[in-house]
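Commentary on secondary and tertiary structure
In case you want the letters, here they are:
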Amino acid sequence: IMFEGEIGSEMVVGSPASFLLKIRGSQSPDLWITNVTVRGLTFRDEDPLAHIVVGGEESHGIIIDHCTNARVENCNFYSIGDESISFGACSGGFALNNYFSGCNAGSSAGGAITVNNTPGVNIQGVYNEGQVGGQAIRFEATVAGFSYSNHNVSNCFFLNGSGVDIIISNGNFGIINNVNIN
């Protein structure tokens, strides 16, 4: 499955839990979506503060759940309120040469890229400027008894942000190991 082209000035509209692109397979691993690529798209929230609800969610760029080998490459993200790219309950993934500007604009715990309960994600060539709080890249384990290993982060550039660049958190649940950062 390939998503390619230019969204241009598309923006998040509607409820605070809005997202621009959601790719979700079934919870049964034999029905997961495999080998999906998102390439060369632009994601923008022109008013992220308008999409905040107390105790609720903020705008999201791409949510990828229950997928194997999903790729997001050469995309641009502007003023996304929470996660710009979120890998959740996946197996393997790639975030390559993506640009982020002013993301986490809603001041949540989100950021440019979040990897949650997913092993084997490779993140390369991130250019992140103007991160507002949160984390630029976050690895998180929230399911007890599972190990989420073998991640690589390389050739990333962080400029003028007010949050943490990279965070690894097991949340006292799962295990995260073999994270290579260079």
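Structure first, text after, so check above.
Residues numbered from 1 in each chain as written. Predicted model: local features only at pLDDT ≥ 70, side-chain atom pairs only at ≥ 80, totals over all residues. Heavy atoms only, no water.

1. Comments concerning the sheet that holds strand 11 (residues 99–101)
Put simply, the rule is: Strand pairing requires that DSSP identify at least two bridges connecting the strands. Numbering of helices and strands starts at the N terminus; helices are DSSP runs of H or I of at least 4 residues and strands are runs of E of at least 2. Angles shown run from 0 to 180 degrees and are taken between the N-to-C directions of axes, each axis being a line fitted to C-alpha atoms and, for helices, limited to the stretch in contact.
Within the open sheet, the five strands sit side by side as 5-8-11-14-17. Their pairing is parallel. Each having just a single partner strand, strand 5 (42–44) and strand 17 (157–159) make up the two edges of the open sheet. Neighbour-to-neighbour, the strand axes of the sheet open up by a mean angle of 10°, direction not taken into account. Pairing between strand 14 (residues 127–129) and strand 17: three bridges, direction parallel. Of the residues in strand 17, the one forming a bridge with Y127 is F157.

2. Topic: the nonpolar core
Defined as follows: Joining through side-chain atoms within 4.5 Å is the link that ties buried Ala, Val, Leu, Ile, Met, Phe, Trp, Tyr and Cys residues into a set, and such a set is a nonpolar core. Exposure classes here rest on a 1.4 Å probe applied to the protein chains alone. A residue is buried below 20% of its type maximum, exposed above 50%, and partly exposed in between. Between two residues, a contact is recorded if the distance between any of their heavy atoms is within 4.5 Å.
Counting residues in hydrophobic clusters, the biggest one holds 33 residues, and the most contacted among them are V38, F43, I64, F77, I113 and I123. Counting residues per element, the ones that place at least two in this core are strand 2 (19–24), strand 6 (60–65), strand 7 (67–73), strand 9 (85–88), strand 12 (113–116), strand 13 (121–124), strand 15 (135–140) and strand 16 (147–154). If you tally residues by element for this core, the top one is strand 7, at three residues. With residues up to four places along the chain from it excluded, the contact list for F77 reads F43, I62, V72, S84, I85, N98, Y99, F100, S101 and C103.

3. Remarks on the layout of surface pockets
Threshold: We place a 1 Å grid over just the protein atoms. Points where a 1.4 Å probe fits but has no way out form a cavity, open points with protein on both sides within 12 Å along at least 5 of 7 lines form a pocket, and any residue with an atom within 4 Å of a point lines it. Grid points are joined across faces, edges and corners, and a volume is the space filled by probe spheres set on the points.
Here the largest pocket defines a volume of roughly 170 Å³. Together, Q27, W32, H66, A89, C90, N117, P119, V143, F146, S147 and Y148 line the largest pocket.

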